[in-house]
Each structure stands twice: as structure tokens, then as C-alpha cells.
Amino acid sequence: MARNKIALIGAGQIGGTLAHLAGLKELGDIVLFDIAEGTPQGKALDLVESSPVDGFDAKLAGTNTYEEIEGADVVIVTAGVPRKPGMSRDDLLEINLKVMEQVGAGIKKYAPNAFVICITNPLDAMVWALQKFSGLPANKVVGMAGVLDSARFRYFLAEEFNVSVEDVTAFVMGGHGDTMVPMVRYSTVAGIPLPDLVKMGWCTAERLEEIVQRTRDGGAEVVGLLKTGSAFYAPAASAIQMAESYLKDKKRLLPCAAHLEGQYGIKDMYVGVPCVIGADGIERVVEIELNNDEKTMFDNSVNSVEGLVDACKKIQPALA
Ligand code: A3D
């Protein structure tokens, strides 16, 4: 059986890390695309030269032309600009919307059967625009944010409780921004919900709220430290988990920005919700029950995504 083909659109910080992880996990042959000449070629060569050391078999190519992504099974999009300190994800909208238009056209022409994972910010609006520009079915175009936001939440909880990260499950819903909703009631340590752990004295309600807030600010915390860009190791690991679930038909239940067609009362928007990813792409959107507080926070988050989508429609009327 031929190897899968993975196209990475954007060969920057996340793109390079994606290529490395996809190689190490032998997910398939990898094509790195970027408009910057030399960057994808240089990274591809450097990475493939690590393959004898790490013992993985994969072809790695760098390119500046879309033809080379032809027939890709998975496309992961990080093309665009990242945040600098003091910028919000929304500040990136206008520049990155133009990038999505070019990327969407390239995917439409050369990889119309791919499973497409968008990472470019502002995520929920960019994945929405990318789906429209590419014309691919909505179940095959998804945004990565929830796996990363949940991983941050899981890590902070594991650190607080001094337990293995493997035993902490958590998930975050809503838009990928300051209004995201870490779901405390549905997050557990080995099945014990967080509110029960508070009752058991593992931490106070106030401390838990601080962890929730640190999760919401997780991206900005890294941007503030790096100063020249945004997080890339954890975002890349998160997208690879989604790609792997698709390629291996694992049917993982992961929080993703998915196209909603009435679920949670939302139509034609991408918002972070729990989804099953398998060989058919987003195979199921899981509708969990939200209590009043959660619903208020979720609606607030959806409103901010709606504002970004409206801004996209104003800039590019063809999207309306
Ligand atoms: P960076 O290292 O700057 O890489 C972006 C790459 O895109 C650069 O190599 C550019 O040359 C390239 N590029 C720019 N325009 C085009 C174009 N038209 N076509 C093809 N390539 C182009 O950024 P990064 O890898 O750190 O981040 C990439 C994106 O991911 C940014 O928009 C970030 O804000 C976003 N991001 C999202 C998350 C989420 O959780 C959703 C997390 C972290 C970063």
C-alpha cells in the first residue's frame, strides 16, 4: 500500500514542527509548501537528514508551487502571520483572510479529497473562510484549537494535583479566544469530576478558577515569553493527533472547530465542540448538555466568533 501524503501549507514554526512529528510517527510522505523561497526546501532537507538517526522512512519535499500538494490525503494549514506581544488573534484577520483565499484555491485545485486541518488565526473565522474558499465538504474541513486549549488545561491541572497528565481529561469549548469555555464539570482526574475534587479538598474553587483563567490566557502567556511569535510545539502536536485519528480511522473524540448545521442552535459557523474524527472526517458532532452558566459563556463565545465571521464577509463580500 502506498504511503499517505501529507501537505503542510506554511513552513514556519508550526509547519516545521508538524513535518518533524509526521515524520517521527511515519504518518506518510510530507510536502512542505510556503511562499518564502528556500524555507520549505531547507526545512524538508534538514528534517529528512534526521530520518536515518531517528529511523523513520518518509519522503520530505519543500516547494513554492501548489502542484506538489497534488493528491494529498491530509492538508494542514498554518500559512499566514502569527501574533506578536500586544496583538489579539483578531488583529490578524485581514491579512490571514487573503492568505486563506489563496490556500483555499490551491486545495480546491490539487487536493479536493483531502482532510483539511486549519490552524491559522483567528481560527474559527479562518477555518470558516477556508471551507468556503476551498469548496470542500464541511465534514472534511476542521479547525484545530480545542485539542491545544484542552491540553493546556490538562497540563495545568496535572501540575496542580501532582498526578500524571495521562489521567487528566479535560475539554474546552467555544471559540479559540479569550471567551473560550473550559468545561470544568466535564473534566476529570481518572473519571473524578473537578467539582468533586474541590469537595475532596484537592484544591479550592478559587484556585480552580485561576487555572481556568490561565487556560484562557495560555496562548498569550507563551507569546509574552517568546516575544517574536506564538506557540508552536503544542499546536503542532495537537493537529497531528487530529490527522492521525483521520488517517487511522481511530474515531477519537476530540474538541475541534467544526462546521455546525443546527447543533447547539448554530448554523453555518465553526465553533469548538466535541467531535468524532474518523475516515469520513468529522463523523459526529457531540451535543452535550450545558447548564445555565456554561450556556451563557458558550453563547458569549459564539457571539465573538460571529463578529469575526461578519468582519470576513465585509472584507470579502463573495463570502456573504
Ligand atoms: P510562522 O512561523 O510565521 O509561519 C507562517 C508561515 O506562513 C511563514 O513561513 C510564512 O512565510 C507563511 N505564509 C505567509 N503567507 C503565506 C501564503 N500566502 N501562502 C503560504 N504560506 C504563507 O507562524 P506559526 O507557524 O507560528 O503560526 C502559524 C499560524 O498559526 C498563525 O496564524 C498563528 O496565529 C496560528 N496559531 C494558531 C494556534 C491555534 O491554536 C489555533 C496556535 C498557535 C498559532
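Residues numbered from 1 in each chain as written. Predicted model: local features only at pLDDT ≥ 70, side-chain atom pairs only at ≥ 80, totals over all residues. Heavy atoms only, no water.

Identification of the protein as Malate dehydrogenase from Pseudovibrio exalbescens is taken from an unreviewed UniProt entry. Taken directly from UniProt, the Sequence similarities (unreviewed entry) text for the protein runs: "Belongs to the LDH/MDH superfamily. MDH type 3 family." Regarding the protein, the UniProt comment filed under Function (unreviewed entry) reads as follows: "Catalyzes the reversible oxidation of malate to oxaloacetate." (UniProt positions renumbered as here; feature names shortened; annotations may be inferred.)

A. Layout of the site of the ligand. In the vicinity of the ligand, 26 residues are found, and the nearest of them are Gln13, Ile14, Asp34, Gln102 and Ile119. In the model, an oxygen atom of the ligand is placed 2.8 Å from a nitrogen or oxygen of the glutamine 13 main chain. The side chain of glutamine 102 places a nitrogen or oxygen atom 2.8 Å from a nitrogen atom of the ligand. Taken by itself the ligand offers 870 Å² of open surface, and the protein chains cover 89% of this. For the shell around the ligand, the elements supplying multiple residues, two or more each, are helix 1 (13–24) and helix 4 (93–110). Here the element with the most residues in the shell around the ligand is helix 4; it accounts for 3 residues. Across the shell around the ligand, the residue classes break down as 15 nonpolar, 10 polar and 1 charged. (Near = heavy atom within 4 Å. Polar contact = N/O pair within 3.5 Å; in protein donor to acceptor, adjacent residues only side chain to side chain. Areas by Shrake-Rupley, 256 points an atom, 1.4 Å probe, with all protein chains shown as cover. Helix = DSSP H or I, 4+ residues; strand = E, 2+ residues; numbered from the N terminus. Nonpolar A, V, L, I, M, F, W, Y, C, P; charged D, E, K, R; others polar.)

B. Representation of the UniProt feature "domain: Lactate/malate dehydrogenase N-terminal" (unreviewed entry) in the protein within the structure. UniProt records the feature "domain: Lactate/malate dehydrogenase N-terminal" (unreviewed entry) at residues 5–143, using the numbering of this structure. Regarding residues 5–143, the helix share stands at 40% and the strand share at 18%, and the terminal C-alpha atoms are separated by 19 Å.

C. Quick peek at the UniProt feature "binding site: substrate" (unreviewed entry) in the protein. Annotation from UniProt places "binding site: substrate" (unreviewed entry) at Arg83, Arg89, Asn121 and Arg152. Summarising the element assignment, arginine 83 is placed in the loop between strand 4 (74–77) and helix 4. By relative accessible area, arginine 83 is classed as buried at 8%. Tracing the sequence through the fold places arginine 89 in the loop between strand 4 and helix 4. Look at arginine 89 and you get buried, because its relative accessible area is 6%. The residues contacting arginine 89, other than those within four sequence positions of it, are Arg83, Asn121, Pro122, His176, Gly177, Asp178 and Gly219. (Buried < 20%, exposed > 50% of the residue type's maximum accessible area, 1.4 Å probe, protein only. Contact = heavy atoms within 4.5 Å.)

D. Looking closely at the pattern of salt bridges. In this structure the tally under the stated criterion is 15 salt bridges. Arginine 3 serves as the salt-bridge partner of aspartate 29, at 2.8 Å between the closest nitrogen and oxygen. Of this pair, aspartate 29 sits in strand 2 (residues 29–33) while arginine 3 sits in the segment before strand 1 (5–9); the two residues are 26 residues apart in sequence, bridging distant segments of the chain. The buried category is assigned to aspartate 29, whose relative accessible area is 17%. (Salt bridge = Lys/Arg side-chain N within 4 Å of Asp/Glu carboxyl O.)

E. Spatial organisation of helix 11 (residues 292–315). The end-to-end C-alpha separation of helix 11 is 35 Å, in line with the 34 Å expected for 24 residues at 1.5 Å each. By the burial criterion, the buried members of helix 11 are Glu294, Phe298, Ser301, Val302, Val305, Leu308, Val309 and Cys312. Of the surrounding elements, those touching the buried residues of helix 11 are helix 4, helix 5 (123–134), strand 8 (172–173), strand 9 (181–182) and strand 13 (267–278). The opening residue of helix 11 is asparagine 291, an N-cap whose side-chain oxygen sits 3.2 Å from the backbone nitrogen of aspartate 293. (Expected span 1.5 Å × (residues − 1).)

F. Just the sheet that holds strand 7 (residues 168–169), in detail. The antiparallel open sheet is built from 3 strands, whose spatial order is 7-10-11. A single partner strand is all that each edge strand has here, and the edge strands are strand 7 and strand 11 (192–193). (Pairing = 2+ DSSP bridges.)

G. Structural context of the pairing of strand 2. Taken across its 5 residues, strand 2 has 5 buried, putting it largely inside the fold. With burial as the criterion, each face of strand 2 is covered, one bearing Asp29, Val31 and Phe33 and the other bearing Ile30 and Leu32. Strand direction decides the pairing type here: strand 1 and strand 2, joined by 5 bridges, are parallel. For isoleucine 9, the partnering residue across the bridge sits in strand 2 and is phenylalanine 33. Relative to strand 3 (residues 60–63), strand 2 runs parallel, the two sharing 4 bridges. In the sheet register, phenylalanine 33 faces strand 3, and the bridge partner there is threonine 63.

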